[in-house]
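Close look at the chain arrangement
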Amino acid sequence: MYFDSNAMGAPPDSSGLAIEAEYVQTQCILADGGDRFGVSELTFDKHEELLWMGNQGGHVTSYSSENGGLSKYSSFQVHATEDIRQILPIDEGILALTAGTLRYQIRRGIPVYTHMSENMNEMQCILQMSHGRFLIGGHQDKLIDFNLNICKESYVADVGDAGSVMLRLHSRYVCAGNPLGRVSLLDPSSLKIEHSIDTHTGSLSDFEVQGNLLVTCGFSNRHSILSVDRFLMVYDLRMLRAVSPMQTVIDPFFLKFIPSISSRMAVVSAVGQVQLLDTIALVEPRLCLLQMENPGAMCLTFDISSSSQAMAFGDNTGHIHLFAKSQSVAHPKFNNFSRPIEMPDQQVHYPGFGIDDYNTPLSVVPLQLPLMHTDDLLASNWPPQFMQKVYRKPTGIDPEILRTMKMQGPIGYAPNPRTARRNQVAYYISQNGAKSHPLHSNKSPKHHDDGSSFIAIPKRYRKIDVKYSKLGSDDFQFDHYNKTGFSGLEATLPNAYCNSMIQVLYFTEPPQSCPTLPFVFQGILSVLRAWLPLPYAGHSPEPAMSAGAFRTVPEASALSLILSDLHPEAKMRIDFSALIQSWNRFMLHQMHVELVETWKKSEERKATKKPFVYKETDFPSISGDKSKDKKQMTDVDIKLENERREDDSEISRLFGTKQLQMNCCLKCAREVRKESILLVCNLNYPTNEPEREEWSFCDILKRSLCPQQTTPAWCEKCGKFTPTSQSRILQSIPKLLAINTGLHNPQHKQFWQNQMDKVVAKVAMLDVNRSSTPTSIIGSSKPCRYGDNCSRPGCRFRHSFDNTPPPVASSNLYCSNNWLPHEIEMTLVNEKLDIKKYDLRDNQKDSKSSSSLDTRKRYDLSAVVCYINDQSSAERRNLVALIKVPASYTPSKDNTDKEKAESKWYLFNDFSISPVPAHEAVWFSLDWKVPCVLYYSSPEIRQGKSEVKWPLSREVFNEDACIARSGGTSGITFTPLHDNEVLKSGDLVAMDAEFVTLNQEESELRSDGKMSTIKPSQMSVARITCIRGHGQLEGTPFIDDYISTQEQVVDYLTKFSGIKPGDLDANFSSKHLTTLKSTYTKLRFLQDSGVIFVGHGLKNDFRVINLVVPTEQIADTVQLFHLPHHRMVSLRFLAWHFLGLKIQSETHDSVEDARAALQLFRKYKQLEVQSKVGEALAELYEIGKLLNWKVPED
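Computed from a prediction, not measured in an experiment: that's the story for all the values here.

What to know about the overall build of the protein chain
Counting secondary structure elements, the protein chain contains 24 helices and 56 strands. Every one of the 1194 residues in the protein chain was classed for burial, and the buried ones make up 44%. Within the protein chain, counting contacts between residues at least 6 apart in sequence, those at least 24 apart form 59% of the total. For the protein chain, the accessible area works out to roughly 65,700 Å², and carbon and sulfur atoms hold 51% of it.

Set out below in structure tokens:
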């Protein structure tokens, strides 16, 4: 019935026809269990034509509207005692919430799981945030963030003692209401309270959010008595303040917006009265009132369908009242687009026929099995052993087909290798009836020949190719290969083979205190830690900085560590196992040398020139005093001591093993001693010595650290080459032991394989002896040639009188029994080294009796770099790293959990990262998984929590120097920062970068005729410009550096970059030419200072520069002037449209582009203040479409 603005009945119109009500009650049914329990929850299903009901007895029932009325579809019990608080239908099923449980069931009633925890106490509401994320709140101080995909509580937030009993979703906030009348606005990501709104003085009964409006109803505290507010409080979430309230003619208890009409809402009272009102004020508003037809009943819940054609109410007497729109009373639709309801199969009824009907075949009559009138079985009733389903195993696909196959969606295309007949598959039957194929032999992986065609390599170890599109690698789903929270490295660069070692160095705890590190060490540790912030899984940087650092060192090219310098055929023949070991040895040595040189230079700067003072001790030949020779030798010793101190560095103190090399001539017994530092230990295998029964890894490591050999060497006393005994004696043991295995040598690999076989054979023999009699020793499955007449004691061949069956080789023995130990213990006492496998019980006994505890260290295996030899293609070979990541690196929201967490093993395969068990780190199959580099860490490294910091100061701008021969004075286009100019956090710095192409994009034509990108083009930064964004010199650049490169540039992109040939060459350039290190340190200083970078397309610029800048320090105009789901707008068009400037007419200039970006940012802030951003963007896209996004010439 309609009413006028004075709440009086409106008269009929002039035509005399009565005005029909907007909604009419069509049905009232008694719900399941309605005679005992009231209806506590009603929810319309948004996917199917179903209405869900939950009662106070924990029972859930669904009703279908397929036939026009409500008919029962499914019914099941959720909880025995607790009432149903809320039902949330999702795509796969429904979520039913009670006070202490969360039940997940499919719509047919089959339960999936029930979630219970100590945090689930007096739960009241649930809110869906995304496909798998849900928020659960109740009458307690905890708000649970529940992940449906893993069925776990991912986070628990604190919302106060009042709790959150009502949750609603807004575009910017999560609105949480508590019983005390307060609505809190939470951040959707962190669940922290951003704002709070006090709505009612007494209590909050319900609230709803639509657009930017927040509407609430509740109770007020009047004279210490709660009374219903007849006003609906309305708040604007944009300004966070109240607007004019809306008056109702009933006592509001529930409210909900009508979905199809954004401004209409339904207000329900506790006695079942319904008022429909409009939030938009009309000149002559007419109010519609409805009444639930059940006098004396109390309305407990109600809901409106998504199509707005139906409303449902549930009362305390167990009845469900269905209202429908007057236009669709007969068949109301709950949803506009519903999927079909899965109905049970209909029973098949067979037609009957007369006994004299000879035309109908008897086969239409179903045969009942088994026959009820007889005990005889049918002829088709075969024994069970003949009724098992056994499928013929298909033969493997030819590896040549797999290698040449090109995928087009789910279909692969490959040329016919013509190795078999057309449409025929050959099967080979062996003598025992088993199917076999020549390509699949039954030999173990270690017996495969080098020319074998197939080796089963796990997918996580294989090299993964990035599928490139028009957007490059931006739309590639890296998260599919990495769900750990750590960052991987892309393998697009030619020198990306070192990715595994870079990851090992990243997760290696550095020394406690480091001086200002040189560029090589910065490029590996400091810069690397800027690339890989934890946790940061969405970005896979390219290790271009380390490659650029290597190119500046001539030794790297001499050792063939830079693959881009090699011929393509030489790259195919490269041995990655030997290459990564050379990289490891060179890297540690180079960092040690650079640190020593840096320390010497700093000491020279501190030293002051002293006046010349004559001392007789400095000139003994003049004074002729020979009594001071002893004093002179003492000064020499002091000088040698200073030299030793100068050769010390942070790397030598971390990796260095001090050793004394002794060379003794066997002829004259002349002995020469020399001290040295060993950074990397190369394993020395006894391949040329008589093989003993068994070698342990500790024995090999000991003979490698303390080798002894006799070799011809030059003797100064004898004056000729004589047999010389050479040995090394350890004087100290390192904190971090780096080992090169040297398994690129086939003899060394065979020795390692033999030792693994002996360990496994020994374990297998122990298992056999443990299960056999004491007199029966079986070592082989082959029968004895003497049969039962054998009289040899301890014969290891099989006889018929043996009590045990022949041993069966277990495929798990190599995984559970490893030759490489996880923990070792090194003891150095009186220059004697002892290495053994660590045993906790032996260590406790020895620690009580030993007096030199400082010389004993326990080492844990912390990293293993393996060479994956994929023999299917030389391009599929790669290097992976198995790293025991310290607990301090594990992403965790709670610091206490991080301290209690233990270190875990992870497999790093470029950008693919996955957790692995500990035994996989020491398990090797040498035909495809070969260990190359081993890292053992002492407790000092494992317990360290220091971080390598890159100390930068404002002096990086003063150290800038031009490396061009011309001096670059004619090409200086910037004004350096003055001493009184201080860049503070929040200051604007406009930036633009130009790039050149080092390698062209590699593409191929697929079999379907489309071009596929195999390898994207490699870009290198050529020019970086930074402009002041404030002060008197606003708009004036203070950095305009051209970056020198030693790489061969294939395309200068002059039309788009403005870089011409010769601008980057130090011999011919007239620009301000600097090194990448110099400009990179300036950008790092600006980033650490907290300035805001303003530019156009900064995401791609920072990616190529390899600089990770927080999003709050980036103001990108390409994102500011962009509408969602529309194209990006170029800087040229934006500058013409908003600023009236024509830029990039002939070529690009980074100074001009940076200024335009700065002015556009100012323009955006101006539009934002005027609240005209939306209008300006709409006008921009409208004009852009008319002009086809081209700047007119006029």
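What follows picks up the thread again.
A look at the packing of helix α22 (residues 1131-1139) against helix α23 (residues 1150-1169)
Where α22 meets α23, the axes come as close as 10 Å, and the angle between the chain directions of the two elements is 50 degrees. Considered as vectors, α22 and α23 are oriented oblique to each other. Of the two possible hands of crossing, α22 and α23 adopt the one that is left-handed. Contacts between α22 and α23 involve Leu 1131, Leu 1134, Ala 1135, Phe 1138 and Leu 1139 from the former and Asp 1153, Ala 1156, Ala 1157, Gln 1159, Leu 1160, Lys 1163 and Leu 1167 from the latter.

Things to note about helix α20 (residues 1098-1105)
Of all the positions in α20, only Leu 1098, Asp 1101, Phe 1102 and Ile 1105 are classed as buried. Looking straight down α20, one finds that the buried residues subtend no more than 90 degrees of arc, so they occupy a single side. Where α20 terminates, the next one or two residues include Asn 1106, which has phi positive at roughly 65 degrees.

Overview of the nonpolar core
Ranked by size, the top nonpolar core spans 94 residues in total, and within it Tyr 497, Trp 583, Leu 701, Trp 752, Tyr 935 and Tyr 936 carry the most contacts. Element by element, the count of residues in this core is highest for helix α7 (residues 576-606), at 9 residues. One finds Ala 993, Phe 1038, Phe 1093 and Val 1109 within the second-largest nonpolar core, a separate group that totals 25 residues.

Some points on the sheet that holds strand β15 (residues 166-169)
What the 4 strands build is an open sheet, ordered β15-β16-β17-β18; its pairing is antiparallel. Lying at the two open borders of the sheet, with one neighbouring strand each, are β15 and β18 (193-198). Strand-to-strand twist across the sheet, computed as the mean angle between neighbouring axes with direction ignored, equals 20 degrees. In terms of strand pairing, β15 meets strand β16 (residues 174-177) through 4 bridges, oriented antiparallel. What sits directly across from Leu 169, in β16, is Val 174.

A few points about the pairing of strand β37 (residues 671-678)
Pairing analysis gives 8 bridges linking strand β36 (residues 657-665) to β37, with the strands arranged antiparallel. The partner of Gln 659 across the bridge, within β37, is Ser 676. Hairpin connection between β36 and β37: a loop of 5 residues separates the two successive antiparallel strands, and Ala 669 in this loop has a positive phi of roughly 65 degrees.

Here's the deal with the UniProt feature "binding site: a divalent metal cation" (unreviewed entry) in the protein chain
The UniProt entry lists Asp 992, Glu 994, Asp 1101 and Asp 1153 under the feature "binding site: a divalent metal cation" (unreviewed entry), expressed in the numbering used here. Over a stretch of 162 residues, the named residues converge on one spot in the fold, their C-alpha atoms separated by at most 13.3 Å. For Glu 994, the position within the fold is in strand β49 (residues 988-999). Setting aside residues no more than four positions away along its own chain, Glu 994 makes contact with Ser 1020, Val 1021, Ala 1022, Arg 1023, Phe 1056, Ser 1057, Ile 1059, His 1148, Asp 1149, Ser 1150 and Asp 1153. Residue position: Asp 1101 is located in helix α20. Among all residues touching Asp 1101, those that are not within four sequence positions of it are Asp 992, Ala 993, Phe 995 and His 1096.

So, helix α2 (residues 499-506)
Burial analysis of α2 places 8 of its 8 residues in the buried class, which makes it a mostly covered element. Restricting attention to buried positions, one finds in α2 the residues Asn 499, Ser 500, Met 501, Ile 502, Gln 503, Val 504, Leu 505 and Tyr 506.

Overview of the pattern of salt bridges
Summed over the entire model, instances satisfying the criterion amount to 33 salt bridges. A salt bridge links Arg 858 to Asp 860, with the shortest nitrogen-to-oxygen separation between them at 3.0 Å. For Asp 860, a relative accessible area of 7% puts it in the buried group. In this structure, a network of salt bridges that share partners links the residues Glu 48, Asp 91 and Arg 339.

Some remarks on a nonpolar patch on the surface
Residues Trp 382, Phe 386 and Met 387 make up a contiguous nonpolar surface patch of about 390 Å² in total accessible area. Looking at the element boundaries, Trp 382 is found in the loop between β31 (319-325) and α1 (399-404).

Some remarks on the side chain of Thr 301
Inspection of the secondary structure assignment puts Thr 301 in strand β29 (residues 299-304). Owing to a relative accessible area of 6%, Thr 301 belongs among the buried residues under this scheme.

A few points about the environment of Gly 202
Looking at the element boundaries, Gly 202 is found in the loop between β18 and β19 (203-210). Separated by 18 residues in the primary sequence, Gly 202 and Ser 220 place their C-alpha atoms 4.2 Å from one another. Residues contacting Gly 202, with those up to four places away along its chain left out, are Pro 179, Leu 180, Phe 219, Ser 220, Asn 221 and Leu 226.

Scoring rules and cut-offs
Residues numbered from 1 in each chain as written. Predicted model: local features only at pLDDT ≥ 70, side-chain atom pairs only at ≥ 80, totals over all residues. Heavy atoms only, no water. Helix = DSSP H or I, 4+ residues; strand = E, 2+ residues; numbered from the N terminus. Buried < 20%, exposed > 50% of the residue type's maximum accessible area, 1.4 Å probe, protein only. Contact = heavy atoms within 4.5 Å. Areas by Shrake-Rupley, 256 points an atom, 1.4 Å probe, with all protein chains shown as cover. Axes fitted to C-alpha atoms, helices over the stretch in contact; angles between N-to-C directions. Parallel < 35°, antiparallel > 145°, perpendicular 65-115°, else oblique. Left-handed = near helix turned anticlockwise from the far one by under 90°. Arc of directions from axis to C-beta. Core = buried A, V, L, I, M, F, W, Y, C linked by side-chain atoms within 4.5 Å. Pairing = 2+ DSSP bridges. UniProt positions renumbered as here; feature names shortened; annotations may be inferred. Salt bridge = Lys/Arg side-chain N within 4 Å of Asp/Glu carboxyl O. Patch = residues over 30% accessible without salt bridge, like charges linked within 9 Å, V, L, I, M, F, W, Y side chains within 5 Å.

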